[in-house]
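Listed here are the chains, written in short residue letters.
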Amino acid sequence: MAANKADDIFKEFKEHSISEFFKKNRQMLGYSSMVRSLVTVVHEYVTNSLDACEEAGILPDLRVKIDKLGDTRYTVLVEDNGPGIPKSFIGKALATVLAGTKFHRNVQQRGQQGIGAAGCTLFAQITTGKPIHAVSHTSVNSGYSCDVSIDTMHNKPIVSNIVQEGDAPHTGLMVSGEFDGVKYDNSDHGVYEYLKRTALSNPHVQIHFIDPNGQESTFLRSVNTIPERPKAARLHPLGLTVNDILDLAHASGSSRLSAFLTDTFSRFSQGKVNELKDIVGIDFSMDPKKMTWDDASKLVDGFKKVRWISPESAHIVPIGKKYIELTLKNIINPEFMNVVERKPSVFKGGFPFIVEAAIAYGGSSGRQTDNGYTGNIMRFANRVPLLFDTGSCGITEAVKQVQWKRYGIDMDNQPVSVLVNISSVYIPYSGVGKEAISPEEEIVDEIKLALMDAARNIQHYIHGKQQLNYDTNRYKTIMRYVNQLSQNLSELTGTQKSAIHEALKKLVIEHYPRVKEHVSGDAGKGSDEGEQGESGAEDREDAEE
Ligand SMILES: Nc1ncnc2c1ncn2[C@@H]1O[C@H](COP(=O)(O)OP(=O)(O)OP(=O)(O)O)[C@@H](O)[C@H]1O
Ligand SMILES: [Mg+2]
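The rules behind the values
- Residues numbered from 1 in each chain as written.
- Chains lettered and ligands numbered in written order.
- Predicted model: local features only at pLDDT ≥ 70, side-chain atom pairs only at ≥ 80, totals over all residues.
- Heavy atoms only, no water.
- Near = heavy atom within 4 Å.
- Polar contact = N/O pair within 3.5 Å; in protein donor to acceptor, adjacent residues only side chain to side chain.
- Helix = DSSP H or I, 4+ residues; strand = E, 2+ residues; numbered from the N terminus.
- Nonpolar A, V, L, I, M, F, W, Y, C, P; charged D, E, K, R; others polar.
- Buried < 20%, exposed > 50% of the residue type's maximum accessible area, 1.4 Å probe, protein only.
- Domains from an automatic or database assignment.
- Buried area = accessible area lost by both parts, 1.4 Å probe.
- Salt bridge = Lys/Arg side-chain N within 4 Å of Asp/Glu carboxyl O.
- Phe/Tyr/Trp six-rings, centres within 6.5 Å; stacked < 30°, edge-to-face > 60°.
- Lys NZ or Arg CZ within 6 Å of the ring centre and 35° of its normal.
- Core = buried A, V, L, I, M, F, W, Y, C linked by side-chain atoms within 4.5 Å.
- Contact = heavy atoms within 4.5 Å.
- Expected span 1.5 Å × (residues − 1).
- Axes fitted to C-alpha atoms, helices over the stretch in contact; angles between N-to-C directions.
- Parallel < 35°, antiparallel > 145°, perpendicular 65-115°, else oblique.
- Left-handed = near helix turned anticlockwise from the far one by under 90°.
- Pairing = 2+ DSSP bridges.

Here we look at the site of ligand 1
With respect to spatial proximity, 22 residues lie near ligand 1, and among them Asn-48, Thr-101, Lys-102, Gln-112 and Ile-115 are the closest. Interatomic distance of 2.8 Å between a backbone N/O atom of Gly-114 and an oxygen atom of ligand 1. Within the residue set of the shell around ligand 1, elements represented by two or more residues are α3 (34-55) and α5 (116-128). Class assignment of the residues belonging to the shell around ligand 1 gives a composition of eight nonpolar, ten polar and four charged.

If you want it as structure tokens, here you go:
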């Protein structure tokens, strides 16, 4: 009886492809709210363009254009000057989920999984039924254009309408697609902000953006050098699981386990092998292909009992203090800023990371509101702006833990921008949407230290500025009385009014030397303003208080 029931049920048993899975679970790829979905498309294409340009040693020059077709329907076009994609790979690159050039490398890059571009194709397909259009030039005198879509049942690309294209001013890829269920907005979560922050964290990048109203903005590059290419990282023993070791051992070309260990992993010397021999009861001369689960788990236990040198940091490339300063100046032009770069640190699993933090004050820092300003936090991971899932991010957690008031910083009422970038080969995102960093203790602590360091200098600036404002108000208020006082004293003493006026003015100016530099033009101008202006009344009240 039961067997028959099972037979019945299992008649419906089917395999499904990864693209069918994402078709049903598109929110996992960042396609949730309308505003976020549009940013996700731009993010996927822009990160791909930047990765590709940098890998080819080309200074990235991007053009991003968004057009509105209907209430929730838009086209997105992203064009780069990168190496382009060969015709034989275009379908795999843009229309196959889990395919790409980056997954098997252990290199710090923006993309990793081989999902982003195919995710966009899938999203266009399920919301508008239309393919993505691509134009690729791998050399300036030969290129092609085509349409790509996905056969979701089989996770296979469909490439159609292939047309040979003529000369182009540069190599590169242009992709464009039509998407529904999306929305453009100018908030802190919108495309403009995403691109502005991309420019901030990538001083070598130039982005020309045309928004749906035809408004054009260019984020100019601040430096003409491509960031140093991160080196491929070898795995550190402390980050390995039993399964990782077995997979690598079974695929290894070494004939002895000891050689496999020293050749494959970082910081693994012959000395370490000898140390392990004393505490791990396995045969280090065995063929690694014959290694068992039991052997590998004894090794992992042994790794925890010996001391290791920290992982190499040569494969982490942060933005750099000098470059953050340049780009902040270029884009935010703050009155004052302080940038801190921490030394490499390691979090659980043995992965090294580097935190950079900056605090900018004034200029276009912070966010303008109806009542003045509030502070804003700009989060980045490997130079990619994180705009969503703020609440669950380790960066937000660290910012919350800093006692800003202690540093004279009022995040609710001052034009302050806080920028944090984390660089690592492996960023521990807290979700598949890659919008928040998991609040690992070591990471949160490092960010906090960086922020506190940056805040210390800002404190001096803000304090100095507050003192100067106070003195300026006093100075102006006193100056307003100088004229009347000179007149009265002249009548009382019979001395010429102008002589008294000059002497009084000199006295006040000498008393507030910094204010004299601060108040532009004639330092005595305040006296005239005060005699005529109504605003004097408010200042007088301030002075009396
Ligand atoms: N603009 C581009 N220029 C050159 N190659 C590209 C470009 N865009 C995508 N590619 C190629 O297509 C592959 C797939 O891109 P996709 O965005 O799907 O994955 P990824 O960038 O490797 O990882 P992730 O899913 O994390 O973004 C890339 O690995 C790259 O080889
Ligand atoms: Mg990608």
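Picking up after the structure, the text goes on.
Brief notes about the environment of Asn-186
Summarising the element assignment, Asn-186 is placed in the loop between β6 (172-180) and α6 (191-201). What makes Asn-186 exposed here is its relative accessible area of 61%. Distance in space between the C-alpha atoms of Asn-186 and Asp-211 is 9.9 Å, their sequence separation being 25 residues.

Overview of the domain arrangement of the protein
Domain assignment breaks the protein into domain 1 (18-219), domain 2 (237-303) and domain 3 (313-545). The gap between the C-alpha centroids of domain 1 and domain 3 is 37 Å. For the pairing of domain 1 and domain 3, the buried interface totals around 2600 Å² over both sides, and the portion due to carbon and sulfur atoms is 59%. Sorting the residues of domain 1 by area buried against domain 3 places Gln-108, Arg-197 and Leu-200 first, and these three jointly supply 30% of that buried surface. Viewed at the interface, domain 3 and domain 1 are joined by two salt bridges. For the interface between domain 1 and domain 3, the tally reads nine residue pairs in polar contact (both at pLDDT 80 or more). Take the side of domain 1 that touches domain 3: its biggest share by element is seven residues, from α6. The class makeup of the residues in the side of domain 1 that touches domain 3 is seven nonpolar, 13 polar and five charged.

Notes on the packing of aromatic side chains
Applying the stated criterion across every chain, the model contains 14 aromatic pairs. Arranged with centres 5.9 Å apart and planes meeting at 65 degrees, the rings of Tyr-361 and Tyr-461 form a pair that is edge-to-face. Pair noted here: Tyr-361 is in strand β11 (residues 351-361) and Tyr-461 is in helix α13 (residues 441-493), with a separation of 100 residues, a long-range link. Site record: aromatic cluster; members linked through ring pairs are Phe-260, Phe-265, Phe-268, Phe-303 and Trp-308. Here the guanidinium or amino end of Lys-272 rests over the ring plane of Trp-308, the centre of that ring lying 5.7 Å away.

Overview of the pattern of salt bridges
Counted according to the given criterion, the structure contains 18 salt bridges. Its salt-bridge partner being Asp-8, residue Lys-11 comes within 3.3 Å of it at the nearest N-O pair. Given the relative accessible area of 66%, Lys-11 is considered exposed. One salt bridge connects Asp-67 with Lys-65, and the closest N-O pair in it is separated by 2.7 Å. According to the relative accessible area criterion, Asp-67 is partly exposed, its value standing at 28%. Classification of Lys-65 by relative accessible area gives partly exposed; the value is 24%. Connected through shared salt-bridge partners, Arg-73, Lys-130, Glu-178 and Asp-180 make up one network.

Some points on unusual backbone geometry
Its identity is not glycine, yet Leu-98 carries a phi of approximately 65 degrees, on the positive side. Structurally, Leu-98 is set in the loop between α4 (90-95) and α5. In this structure, Arg-383 takes a positive phi of about 70 degrees despite not being glycine. Along the chain, the position of Arg-383 falls in the loop between β14 (376-381) and β15 (384-386). For Arg-383, a relative accessible area of 8% gives the class buried.

Some thoughts on the nonpolar core
One finds Val-42, Val-46, Ile-90, Val-191 and Leu-195 to be the most contacted residues of the largest nonpolar core, which totals 61 residues. At seven residues, α3 tops the list of elements feeding residues into this core. With sequence-adjacent residues up to four places away left out, Leu-195 is seen in contact with Val-42, Val-46, Val-64, Ile-207, Phe-209 and Phe-219. Core analysis: the next-biggest nonpolar cluster, separate from the first, contains 34 residues, Phe-353, Ile-359, Leu-451 and Ile-462 among them.

Here we look at α3
Taking 1.5 Å of rise per residue, the 22 residues of α3 would be expected to cover 32 Å, and the 32 Å separating its terminal C-alpha atoms lies within 8% of that figure. Of all 22 residues making up α3, 18 are buried, and the element is well covered by its neighbours. Immediately downstream of α3, the backbone of Gly-57 shows phi near 75 degrees, a positive value.

As for the packing of helix α12 (residues 394-401) against α13
A pair of packed helices can be characterised by two numbers: the angle between their axes and the separation between those axes. Running from N to C, α12 and α13 cross one another at 50 degrees; their axes reach a closest spacing of 9 Å. In terms of orientation, α12 and α13 fall into the oblique class. Here α12 runs over α13; the crossing is right-handed. When α12 is examined against α13, the residues Gly-394, Ile-395, Glu-397, Ala-398, Val-399 and Gln-401 are found in contact with a partner set consisting of Val-444, Ile-447, Lys-448 and Leu-451.

Some words on the sheet that holds strand β5 (residues 156-165)
The strand order β5-β4-β3-β6-β2-β1-β7-β8 describes an open sheet built from eight strands, whose pairing is mixed. The open sheet terminates on both sides in strands that have one partner only, identified here as β5 and β8 (216-219). Averaged over neighbouring strand pairs, the angle between their axes works out to 15 degrees when direction is ignored. Sheet topology places strand β3 (residues 132-139) next to β6; five bridges connect them, and they run antiparallel. Residue His-137 lies in a different strand from β6, and its bridge partner there is Gly-172. Each of β1 (61-70), β7 (206-210) and β8 is contacted by α6, which is oriented at about 170 degrees to β7, the strand it contacts most.

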